[in-house]
Amino acid sequence: MLSTGSSLPNNPRSTTSQPKVILDNDWNPTAFIAFLLPLYYNYTVLGLASDTANSWALQTGLHALASLEIASLSSCIPVYKGSDYPLLQTAHTFQTYELLHGELPWKGVFAKENTTNEKLGNDPTSGDPRRVVKEAFTTKGYYGFPNVSFAEGSAAEFMVKAVRENPGQVKIFSAGSLTNIALAVRLDEDFAKNTAGLYIMGGYVDRFLEQAIGDVLRADLVSDINFVVDPEATKIALTADFPNITLVANSANGVIPDQAFLDELVAVNDNPLSRLVRANQPTYLPFWDETAAAVMVDREGVVLDEVEVYVDVDTSYHSPFYGYIRPYQAALMPPGLRKVKYINKVNDTKVAEMIKTVVQFPPRSCADLHGRRADNQA
């Protein structure tokens, strides 16, 4: 249990090194925890990218801007808008797929457009990707529509430029669709190999049984929407020559907060971000993205079991497995696949404590963030 005081706990990474990261996500009102974790672990966050997965990239990017603004970090972390559309998938093809193979419990951005639902504060789905639902900001407690703007250029162009300027130093974190990353791979043939690795929230391997025997909520937890939204981009990313690729999927389902957990965030340190999490984090959904980020920043302390496998992605639209991965051992795999590290189990207690710490003790401003970095290097 953390102390009820307001002093900052010791940083677990006190070092002169500053690893760099770009975080690509379908941001929402509580997803900022995914960038607080690397900040706390002395990473330099070069920027955030928005993607289309749970909602359209414009809407999710506005959530990133709003989160940075409420955290007083807008001036030191830019946000780049990602691609509006997946490479091939559309709302029409997604919904036709469901007619052929059955409904997915979570449809993400390709759920049918529902303006009534949007007026209640939910992000837009289907329809025009350029429309903005301001109610998703104004109806959320301790939140508001952002007053800051996107950085110039696309997310994919930003990734390519950042990696060229910092070869071998930049980790890529993906907790939404892989569209922007696939575009970066195609823009620059050296992009993938010049990163410091790719960390992905996604890649469920037992979804079919889970969706058959559990209730709808249990099935929802293994929907793997990040891959299904853009199967072709997933294939490109998972076959690119990144120095290493880590998949966090089933193991990310273990940290589900209860109300006591959320209340403690504010009780220990009442700040804008802890209030935002308490007001908006569901008590029935796991901290998916946050677990993947915890694996990235403290693999040794978090990961209890991992294996190396070869994975393929089904990109046949007429297949019931469209968008899902299949793992192989080397002796049985088809040609053209590459090895990835698959996280089987994490220390849920450790991850929960990491989440508590970064939400209770976030940097108060860019100046405070820079001061913490200087202290860590002293």
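Residue indices follow the written sequence of each chain, beginning from 1 at its first position. Where local features are concerned, this predicted model is filtered to residues with pLDDT of at least 70; where side-chain atom pairs are given and counted, the filter is 80 or more; whole-chain, interface and lining totals use all residues. Neither water nor hydrogens contribute to the side-chain values; these are computed over all heavy atoms in the structure.

- Looking up the protein chain in an unreviewed UniProt entry gives the name Inosine/uridine-preferring nucleoside hydrolase domain-containing protein, with the organism given as Cercophora samala.

A closer look at the overall build of the protein chain
Okay, so step 1: Helix and strand definitions follow DSSP, with helices as H or I runs of at least four residues and strands as E runs of at least two, each counted in order from the N terminus. Assigned secondary structure in the protein chain consists of 17 helices and nine strands.
Okay, so step 2: Using C-alpha atoms as the atom set, the radius of gyration is obtained and then compared with a globule rule of 2.2 Å times the number of residues to the power 0.38. Taking 21 Å as the expected radius of gyration for a compact globule of 378 residues, we find that the protein chain reaches 19 Å, a close match to that expectation.
Okay, so step 3: On the principal axes, the C-alpha backbone points of the protein chain span a range of 55 × 45 × 40 Å.
Okay, so step 4: Sorting the 378 residues of the protein chain into buried and exposed places 56% on the buried side.
Okay, so step 5: Two residues qualify as a contact provided that any one of their heavy atoms is within 4.5 Å of a heavy atom in the partner residue. Restricting the contact set of the protein chain to residue pairs at least 6 apart, pairs at least 24 apart contribute 79%. Only protein chains enter the area calculation, which uses a 1.4 Å probe; residues under 20% of their type maximum are buried, those over 50% are exposed, and those in between are partly exposed.

Quick notes on helix H12 (residues 259-268)
Okay, so step 1: The set of residues buried in H12 consists of Phe-261, Leu-262, Glu-264, Leu-265, Val-266 and Val-268.
Okay, so step 2: Those residues of H12 hidden inside the fold are in contact with helix H13 (272-280) and helix H16 (348-360).

Focus on a nonpolar patch on the surface
Okay, so step 1: A cluster of nonpolar side chains, namely Leu-87, Leu-88 and Leu-183, defines an oily patch on the protein surface of about 240 Å² accessible area.
Okay, so step 2: Mapped onto the elements, Leu-183 comes out in helix H7 (residues 179-187). Note on patches: the residues involved have over 30% relative accessible area and no salt bridge, like charges join within 9 Å, and the nonpolar side chains Val, Leu, Ile, Met, Phe, Trp and Tyr join within 5 Å. Surface accessibility follows the Shrake-Rupley procedure with a 1.4 Å probe radius. Residue values consider only the protein chains on display as shielding. The salt bridge criterion pairs a side-chain nitrogen of Lys or Arg with a carboxyl oxygen of Asp or Glu, the two atoms within 4 Å.

Here's the deal with the packing of helix H6 (residues 155-165) against H7
Okay, so step 1: To obtain an axis, a line is fitted to C-alpha atoms, over the contacting stretch when the element is a helix, and the angle between two such axes runs from 0 to 180 degrees between their N-to-C directions. Where H6 contacts H7, the axes come no closer than 8 Å and their chain directions differ by 55°. Between H6 and H7, the angle falls in the class oblique. When the axes of H6 and H7 are compared, the crossing they make is right-handed. Residues Ala-155, Ala-156, Glu-157, Met-159 and Val-160 of H6 lie in contact with H7, whose contacting residues are Asn-180, Ile-181, Leu-183, Ala-184 and Leu-187.
Okay, so step 2: In this count, Pro and Cys sit with the nonpolar residues alongside Ala, Val, Leu, Ile, Met, Phe, Trp and Tyr, while Asp, Glu, Lys and Arg are called charged and the others, Gly among them, polar. Partitioned by chemical class, the residues of the contact of H6 with H7 number eight nonpolar, one polar and one charged. Here the angle decides the label: under 35 degrees means roughly parallel, over 145 means roughly antiparallel, 65 to 115 means roughly perpendicular, and every other value means oblique. Should the near helix be turned anticlockwise from the far one by less than a right angle, the crossing is termed left-handed; should it be turned clockwise, right-handed.

So, the layout of surface pockets
Okay, so step 1: Space inside the largest pocket adds up to approximately 1,200 Å³.
Okay, so step 2: In this structure, the largest pocket is lined by 44 residues; those nearest its centre are Asn-28, Asn-54, Trp-106, Leu-285 and Trp-288.
Okay, so step 3: Listed by contribution, the elements that provide at least two residues to the lining of the largest pocket are helix H4 (115-119), helix H9 (216-220), helix H10 (225-228) and helix H14 (288-297).
Okay, so step 4: Considering every element that reaches the lining of the largest pocket, the biggest residue donor is H14, with three residues.
Okay, so step 5: Taken together, the residues of the lining of the largest pocket break down into 18 nonpolar, 16 polar and 10 charged. Residues are said to line a cavity or pocket when one of their atoms sits within 4 Å of a point; the points come from a 1 Å grid over protein atoms alone, cavities being sets where a 1.4 Å probe fits but cannot get out and pockets being open sets with protein on both sides within 12 Å along at least five of seven lines. Grid points are joined across faces, edges and corners, and a volume is the space filled by probe spheres set on the points.

Overview of the pairing of strand S5 (residues 198-201)
Okay, so step 1: Covered by surrounding structure in S5 are Leu-198 and Ile-200 together with Tyr-199 and Met-201, the residues of both alternating faces.
Okay, so step 2: Two strands qualify as a pair provided DSSP detects at least 2 bridges between them. Where strand S4 (residues 170-174) and S5 come together, three bridges link them in parallel fashion. Looking at the pairing, Phe-173 lines up with Tyr-199 of S5.
Okay, so step 3: Taken together, S4, H7 and S5 form a β-α-β motif whose crossover is right-handed.
Okay, so step 4: Two elements, S5 and strand S6 (residues 245-248), share four bridges in a ladder whose sense is parallel. By the bridge assignment, Tyr-199 is partnered in S6 with Thr-246. Here a crossover is taken to be right-handed if, once the strands point away from the viewer, the path from the first strand over the helix to the second is traced clockwise.

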